[in-house]
Amino acid sequence: MNKLSQLLSNEISYAIGWTIIHSLWQCTLIALLIAISYAFTKKVSAAIRYWINSLGLLSCFIVSGITFYLNYYDSVRIEIVSTAYITEISSSTQQAYVRTISDIINQHINQIVMVWLIGFALYMSKYLAEFFYCQHIKNSHYKNPNQQWQQLFNELKNSVGITQKIQLRLSEIVDIPCVVGHFKPVVLLPASLVLGLSIKQIEAILLHELGHVRRNDYLIGSLQTLITLLYFFNPFARWISSKMDEERENACDDIAVAVSGDPLFY
């Protein structure tokens, strides 16, 4: 682990390692609170449940930041005490020394951090590959819709309450409708979809995608993904993120239903 010590100081490595360990029970507690909240929010809108989960994931991040801060500034004192303690024991009765869980973690803190760094780098590489692929499909193998579809799209955009300029493109690459971009959003529809569905069905799909734009889901989702990457090892943080994804789609469905006025058809 000499390479790790060259990249990170002992204090930073100690703080990261213990932040990882503490996040397991911290995110568990936050996830439990969110699960309990669902018993009292069955009748509220999906948008509210979405923000409850968003606040939960943000709380995980903030709590971990505080944990890192406290452990970083406490690490020098802990390291001095631990070194003196270990030296004293090893010089006398080493076989009688019973290591606590904390001692074991401290002994392997560099290994824990190294595994986390490798995992984070792999997941980040995957995310960046997907991000650049999305930029590729946004600008490749597409055609602009005809005047009729463009006019329909503009009318739906206005009905959702969006004043921002949005492009509609028919893609030959994507398999499902999606929105790419925040500052210059593009709604991509599979070209084959236009041929296989009725106008009313296309309207429902476009309303859902425009709901994502109105809610700024692309930007918030990107931040959500970056936070989730930090917790790739934590099933409870990932559960909170998955609930965000679920409620995001439900919230866009609610927007589509409210605008279309036909919940049964939708």
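Residues numbered from 1 in each chain as written. Predicted model: local features only at pLDDT ≥ 70, side-chain atom pairs only at ≥ 80, totals over all residues. Heavy atoms only, no water.

Our next topic: the nonpolar core. Core analysis: the largest hydrophobic core is formed by 20 residues, its most contacted members being Phe153, Ile166, Val187, Leu206 and Leu210. Elements represented by at least two residues in this core include exactly helix H6 (147-160), strand E2 (167-171), strand E4 (186-190), helix H8 (199-214) and helix H10 (235-260). By size, the runner-up hydrophobic cluster in this structure holds 13 residues, among which are Leu57, Cys60, Ala237 and Met244. (Core = buried A, V, L, I, M, F, W, Y, C linked by side-chain atoms within 4.5 Å. Buried < 20%, exposed > 50% of the residue type's maximum accessible area, 1.4 Å probe, protein only. Helix = DSSP H or I, 4+ residues; strand = E, 2+ residues; numbered from the N terminus.)

Next up on the list: the environment of Trp51. Along the polypeptide, Trp51 turns up in helix H3 (residues 46-90). The exposure class assigned to Trp51 is partly exposed, which follows from its relative accessible area of 47%. Distance from Trp51 to Glu247, taken between C-alpha atoms, is 8.8 Å for residues 196 residues apart in sequence.

Moving on, we get to the packing of helix H5 (residues 109-139) against helix H9 (residues 217-230). Taken N-terminus to C-terminus, the directions of H5 and H9 make an angle of 155 degrees; their axes are 9 Å apart at the nearest point. By the angle between their axes, H5 is roughly antiparallel relative to H9. Two secondary-structure elements touch here, H5 through Trp116, Phe120, Tyr123, Met124, Tyr127, Phe131 and Gln135 and H9 through Tyr218, Ser222, Thr225, Leu226, Leu229 and Leu230. Split into classes, the residues belonging to the contact of H5 with H9 amount to 10 nonpolar, three polar and no charged. (Axes fitted to C-alpha atoms, helices over the stretch in contact; angles between N-to-C directions. Parallel < 35°, antiparallel > 145°, perpendicular 65-115°, else oblique. Contact = heavy atoms within 4.5 Å. Nonpolar A, V, L, I, M, F, W, Y, C, P; charged D, E, K, R; others polar.)

Let's shift gears to the confidence of the model for the protein. On average, residues of the protein score 87 in pLDDT, and 88% of them are at 70 or above. Confidence drops under pLDDT 50 across residues 80-98; counting only partners more than four residues distant or on other chains, this segment forms four contacts. (pLDDT = per-residue confidence, 0-100.)

With that settled, consider the sheet that holds strand E3 (residues 178-180). One open sheet holds the four strands; their spatial order is E1-E2-E4-E3, and the pairing between them is mixed. Of all the strands in the sheet, the pair left with one neighbour each is strand E1 (142-143) and E3. By the bridge criterion, five bridges tie E2 to E4 in an arrangement that is parallel. Counterpart to Gln167 in the pairing with E4 is Val186. H8 contacts E2, E3 and E4 of the sheet and is inclined by roughly 150 degrees relative to E4. (Pairing = 2+ DSSP bridges.)

What follows is about the side chain of Gln224. Here Gln224 is to be found in helix H9. Assessed through its relative accessible area of 5%, Gln224 is described here as buried. Apart from the residues lying within four places of it in its own chain, the contact partners of Gln224 are Leu57, Ser241, Met244, Asp245 and Arg248.

Bringing the pairing of E2 into the picture now. Among the five residues of E2, four are classified as buried, and the element is accordingly described as predominantly covered. Looking at chain direction, E1 and E2 are connected through two bridges and run antiparallel. Within E2, the position partnered with Lys143 by the bridge is Leu170.

Moving on to the packing of H6 against H8. The description of two helices packed together rests on the angle between their axes and the distance between the axes. In contact at an axis separation of 10 Å, H6 and H8 are set at 50 degrees when each is read in the N-to-C sense. Classified by the angle their axes make, H6 and H8 are oblique. Seen from above, H6 lies across H8 with right-handed handedness. Facing H6, whose interface residues are Gln148, Trp149, Leu152, Phe153, Leu156, Lys157, Ser159 and Val160, H8 presents Ile199, Ile202, Glu203, Leu206, Leu207, Leu210 and Arg214. Tallied by class, the residues present in the contact of H6 with H8 amount to 10 nonpolar, two polar and three charged. (Left-handed = near helix turned anticlockwise from the far one by under 90°.)

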